[in-house]
Amino acid sequence: MIDILLATYNGEKYLEEQLNSILNQTYQDFKITIRDDGSTDHTVAIIEKYQQKHPKQISFITDKKKNLGPAQNFMELFKYSKAEYIMLSDQDDVWLRDKIAITLSAMHEAEKNYPNKPLLIHTDLQIVNHHLQEIAPSYFRYKKFNSKNSATHQLIMQNIVTGCTIMINAKLRDKIKPNDCVIMHDHYLAIIASLFGKIICLNKTTMLYRQHANNVVGASPHNKYLISYLSKIKKFRNNLLLTCNQIKKVHEECTTELSPQQKEMLITIGKVEKYGFFRKIQTIIKYRLYESSFARNLILLSLKQ
């Protein structure tokens, strides 16, 4: 059995198409658990309609919490997961018919190679516009990601794991400790997996990654205008500060399970914004943060709380 966790918020425009793509998968042993974050459109009505039509496959979580944001919405959903494998779904994409089958096959292979380990499988995506017309055939190539960069120090500087492609096993789910410092759920999961288990990247496209005006995080175009660069610099700087807080929280919550080397790394990188220029240089070299882009390291050097 696979738990598919679907987080929604004002997703009426594309939700039915996404639900249909999941329900029409070649692999059918799954349950969709949906939590809405306080939608003001017809999202809830759509969920209830599908739940009535597919009562054995769709579960709708209702609570009084609203406007938590996508990361915390998924963190809430993890509380209801009991299956051996867990997949995450956004509300506005389209899954290819064999997405589950392909990812599950990779998971089974990974379990043979890494028995009793927390595991995270993720895949490539095809970027499309709101009409599902192709923008780019590969998200990895479009974003110039190196899919092999899955070590903790690399992920801290640049997350290559896209949440809507993820499958994790129960051993990784059991390592999750939901907290308010989780900025983006996929980044958090990737860091936890890199610390305690294994991340496997499948260089196959398993879904259509829809880009539209309301994307929370998307495949932003490579715009060469100065204002675009300045915006990206500001965004990365803010995210890096938030990541430092998240790293400190991971250390606090997982300290008894970490090796001395992991503890030292998380403590050091978690406080990097407080260091002077030369201490930051030392940190970049010691923990090989230079393996990220040159621009990201320049931003790190200028980082202050």
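Cut-off values and rules
Residues numbered from 1 in each chain as written. Predicted model: local features only at pLDDT ≥ 70, side-chain atom pairs only at ≥ 80, totals over all residues. Heavy atoms only, no water. Salt bridge = Lys/Arg side-chain N within 4 Å of Asp/Glu carboxyl O. Buried < 20%, exposed > 50% of the residue type's maximum accessible area, 1.4 Å probe, protein only. Axes fitted to C-alpha atoms, helices over the stretch in contact; angles between N-to-C directions. Helix = DSSP H or I, 4+ residues; strand = E, 2+ residues; numbered from the N terminus. Parallel < 35°, antiparallel > 145°, perpendicular 65-115°, else oblique. Left-handed = near helix turned anticlockwise from the far one by under 90°. Contact = heavy atoms within 4.5 Å.

Engineer: Describe the pattern of salt bridges, listing the residues and the values that go with them.
Structural biologist: Scanning the entire structure with this criterion turns up twelve salt bridges. Its salt-bridge partner being Arg-35, residue Asp-37 comes within 3.2 Å of it at the nearest N-O pair. Like Arg-35, Asp-37 is buried. Note that Arg-288 and Glu-291 form a salt bridge whose closest N and O atoms lie 2.7 Å from each other. The class for Glu-291 is partly exposed, based on a relative accessible area of 29%.

Engineer: How would you sum up the packing of helix H11 (residues 277-286) against helix H12 (residues 294-301)? Please name residues and give values.
Structural biologist: Between H11 and H12, whose axes approach to 10 Å, the crossing angle comes to 140 degrees. In terms of their interaxial angle, H11 and H12 are classed as oblique. Regarding H11 and H12, the two cross each other, and that crossing is right-handed. Of H12, the residues touching H11 (which contributes Phe-277, Lys-280, Ile-281 and Ile-284) are Asn-297, Leu-300 and Leu-301.

Everything listed is a geometric property; what it means functionally is a separate question.
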